[in-house]
Amino acid sequence: MRKITIIYILLIVLLLSACGSAKVPMHTNGHQMMDMKPASGEDTLSEWITPESMNPNQPVPISILIKDKNNKLIKNFETVSTKKMHLVVVSKDLSYFAHIHPALKEDGRFEITTKFPSSGDYKLIAEMTPVGASDYSIENHWVTVQGTPPEPVTLEPDKTLTKVIDGTKVTLSFDEKLTAKKNIDMNFTLHDAASNKPIKNLQPYLGTVGHAVAIDQEVKQFMHIHPLYPKGKGPKVVFMTYFPTKGVYKVWGQFNVNGHILTVPFVLNVE
């Protein structure tokens, strides 16, 4: 078993050595670990339907059609992490983040209504797995919300990797130096902020102990990362990740703390 694991890791390293963007494993079994490979998005096409004019804090209906390479509509999708599609929405400066889930209609159309908090440009990143596909696909789309956008927030790497949000203290750590093009364990450790007691009763969020998303400063690299030990309860949640390029990244960890979905952002410098 140890030899097999080593072989998997070596193959993963070879696959990732030429990556521009990486898929990371959802679980630790060998088959899915081998899914760490470039997220090319070449197996699908997408059509996005949004209003011609969108205003801040107003409901915006969004429809998404996923098609195969022959432009034929795909209607059937696997359920992954309890959903048919995961949609991540970020502002251009990464100050805004949302992880939402469009509903799949009988005609194959994904639909959702959401709001954008302010004027400016937003990137919508959809992740889904067509039934029968060998891997999942990522499609993205930019939208512009009317009005004068606020001054962009400058991404500055956090000097300390501990934050207190909604009564929970979260510390982010890595098992080694944060370096590009390398498999690295990313660890979130959660404590009750008032008592400093470790949180050991995390509830499932979308079928697992937590989720993490990482996006680079240029909003080009995207990673949706699932924990190595999905049935864990805390206080430590471990993700194996891979940053494909050097630069500044923003990472959001999401956890179910007593029925409340806690979203914790960190800004990192990857060397």
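The structure presented is a predicted model; accordingly, all values stated were derived computationally and were not measured. (Residues numbered from 1 in each chain as written. Predicted model: local features only at pLDDT ≥ 70, side-chain atom pairs only at ≥ 80, totals over all residues. Heavy atoms only, no water.)

The subject of this paragraph is the overall build of the protein chain. On a plain count of helices and strands, the protein chain comes out with two helices and 16 strands. Taking all 271 residues of the protein chain together, 46% fall into the buried category. Carbon and sulfur atoms form 51% of the exposed surface of the protein chain, whose accessible area is close to 13500 Å². (Helix = DSSP H or I, 4+ residues; strand = E, 2+ residues; numbered from the N terminus. Buried < 20%, exposed > 50% of the residue type's maximum accessible area, 1.4 Å probe, protein only. Areas by Shrake-Rupley, 256 points an atom, 1.4 Å probe, with all protein chains shown as cover.)

Glancing now at the sheet that holds strand S5 (residues 103-104). Ordered in space as S1-S2-S6-S5, the four strands form an open sheet in which the pairing is antiparallel. If you trace the sheet from one side to the other, it starts and ends with strand S1 (45-49) and S5, each paired once. Looking at chain direction, S1 and strand S2 (residues 60-67) are connected through five bridges and run antiparallel. Note that in S2 the partner of isoleucine 49 across the bridge is serine 63. (Pairing = 2+ DSSP bridges.)

Let us now look at the pairing of strand S16 (residues 260-270). Relative to S16, strand S15 (residues 247-257) is paired through eleven bridges, and the arrangement is antiparallel. If you follow phenylalanine 255 over to S16, its bridge partner there is leucine 262. Between S15 and S16, which pair antiparallel one after the other, the connecting turn spans two residues, and asparagine 258 there sits at a positive phi close to 55°.

Counted under the stated rule, the structure contains six salt bridges. Note that aspartate 107 is salt-bridged to arginine 109, the shortest N-O span being 3.7 Å. The class of arginine 109 is partly exposed, set by a relative accessible area of 23%. The salt bridge involving aspartate 158 is made with lysine 163; its shortest N-O contact spans 3.4 Å. Relative accessible area serves as the criterion here: at 23%, lysine 163 is assigned to the partly exposed category. (Salt bridge = Lys/Arg side-chain N within 4 Å of Asp/Glu carboxyl O.)

Judged by pairing direction, the sheet is antiparallel, and its four strands sit side by side in the order S9-S10-S11-S14 without closing on themselves. Strands at the two margins of the open sheet, each flanked by one partner only, are strand S9 (162-165) and strand S14 (236-242). Looking at each pair of strands side by side, their axes are set apart by 25° on average, direction ignored. In this sheet, S14 lies alongside strand S11 (residues 183-192) in antiparallel orientation, the contact comprising seven bridges. (Axes fitted to C-alpha atoms, helices over the stretch in contact; angles between N-to-C directions.)

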